Amino acid sequence: MSIKNVEILRSIDKKELEFIQRSVKVDYDNRLQRPLSFSHQNREHKVTELLGTFKGDLSSRDISYLVKTQDGGTYLLYLHFHDPSPQSFLCPCHWILDFRVLSDEEMMFFFKEERKMLVNMQLKRVVDFHGHLCPDLVIGCKAHELAMERLSQKEKLDGGLIVIAENKTSALDAIQCLSGCTLGNQRLKVHDFGKHKYTFLISRTGLGVKLSLKEQSFKDKPEYLELEEKAEKGEATVEDIARFQSLLDERVKLLLSIRHDALFDTVITTRKPPRTETFTDLAQCDRCRDLVLKSRLVNIKGFSMCRQCSSGLILSSTDGTCH
Ligand SMILES: [Zn+2]
Ligand SMILES: [Zn+2]
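Right, let's walk through the structure included here. A quick note: this is a predicted structure, and the numbers were derived from the prediction, not measured.

To continue, consider the nonpolar core. Core analysis: the largest hydrophobic core is formed by 37 residues, its most contacted members being Leu151, Tyr198, Phe200 and Phe264. When contributions to this core are tallied by element, the ones reaching two or more residues are helix 3 (121-130), helix 4 (135-154), strand 8 (161-165), helix 5 (171-179), strand 10 (197-202), strand 11 (207-213) and helix 7 (238-257). A per-element tally of this core places helix 4 first, with 9 residues. Not counting residues within four places of it along the chain, the set of residues in contact with Phe200 comprises Ala143, His144, Ala147, Met148, Leu151, Leu161, Ile162, Val163, Ile175, Leu207, Gly208 and Val209.

Okay, here's the thing in structure tokens:
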């Protein structure tokens, strides 16, 4: 979900809602599988955006739709299925307009300010880059801050930096944004072992610091895992997702408040910085005819092949198109 929608989830969890809970008539597009409009208080509300679909909690087939309407309102439309009566040929379902999310103007309460307070300026830059604020992003920010502090105690931080990361989580965006070490400039090397381990090296001297995340005890862990699993399986209701967002917010808050050295173990190391590649020359693969960096070609029985062809991953020349 985008950053604005996350605000909506926070509002749902905090029950900043006008509960309506009335039957409504909905114009539903079967092809697009989304509501087009609904009528409420003698007015037709045109749906301009579907923010998300969720499982309902009244029966197992129920679905709820979080929608934005033309006038800027956000509503939850709930499609409830009930047992069909034998006499009736009508569809055994009906729509309920469940609630409207109160707007910012309606909620000029202090906690809106409190939420914004979470974001210090450096973090704001990282959040803008990444798209949202999440626990892994905070871990990445703190890893960078701690590494810079430790290295600057040992050496002047001039010259380039190289980062070796052992996961592929949101933390990498924080590190790329703050350190300027990116995948593109090859000063960020990623080995996805699924570990929050980061080595920051001064490329001139090879002096570095290796950080490993310490185990953190979150007391919400069972609930967090349960909600995460539900969301993963597509079985979460809108309240579940909103609750999950609030748990994420809590974790962000907690991670921001933890001292850096309570978050990571650090070891000072020296190692030869990994090489950055400067070759840009391209040559054709003898099999698929794609242009490939020369350094990535493999020689198989006298033929130069790209790695995909050499490992037989490309089965036919039409496989490369994606839809
Ligand atoms: Zn993230
Ligand atoms: Zn090839």
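This paragraph deals with the coordination of the zinc ion (ligand 1). Protein ligation of the zinc ion (ligand 1) involves His130 (NE2), His132 (NE2), Cys134 (SG) and Ser170 (OG), the donor distances falling in the range 2.1 to 2.3 Å. Its 4 donor atoms give the zinc ion (ligand 1) angles of 89 to 153 degrees at the centre, a pattern that matches the irregular case. Site description for the zinc ion (ligand 1): donor spacing in sequence, H-x1-H-x1-C-x35-S. With Cys134 in the loop between helix 3 and helix 4 and Ser170 in the loop between strand 8 and helix 5, this residue pair connects regions lying 36 residues apart in the sequence. Across the pair, exposure class does not vary: Cys134 and Ser170 are buried alike.

Our next topic: the packing of aromatic side chains. Summed over all chains, the structure comprises 6 aromatic pairs. Relative to Tyr75, the ring of Phe38 has its centre 5.2 Å away and its plane inclined at 70 degrees; by these criteria the two rings are edge-to-face. Residue Phe38 is found in strand 3 (residues 34-40), and its partner Tyr75 is found in strand 6 (residues 74-81); the two are separated by 37 residues along the sequence. Residues Phe38 and Tyr75 agree in their burial class; the two are buried. Connected via pairs of aromatic rings, a cluster forms that spans Tyr28, Tyr65 and Trp95. Residue placement shows Arg251 over the ring face of Phe218; its charged tip is 4.0 Å from the ring centre.

Calculation notes
Residues numbered from 1 in each chain as written. Chains lettered and ligands numbered in written order. Predicted model: local features only at pLDDT ≥ 70, side-chain atom pairs only at ≥ 80, totals over all residues. Heavy atoms only, no water. Core = buried A, V, L, I, M, F, W, Y, C linked by side-chain atoms within 4.5 Å. Buried < 20%, exposed > 50% of the residue type's maximum accessible area, 1.4 Å probe, protein only. Helix = DSSP H or I, 4+ residues; strand = E, 2+ residues; numbered from the N terminus. Contact = heavy atoms within 4.5 Å. Donors = N, O, S within 2.8 Å, 3.2 Å for Na, K, Ca; no water. Tetrahedral: all angles 85-135°; square planar, octahedral: opposite > 155°, others 65-115°. Phe/Tyr/Trp six-rings, centres within 6.5 Å; stacked < 30°, edge-to-face > 60°. Lys NZ or Arg CZ within 6 Å of the ring centre and 35° of its normal.

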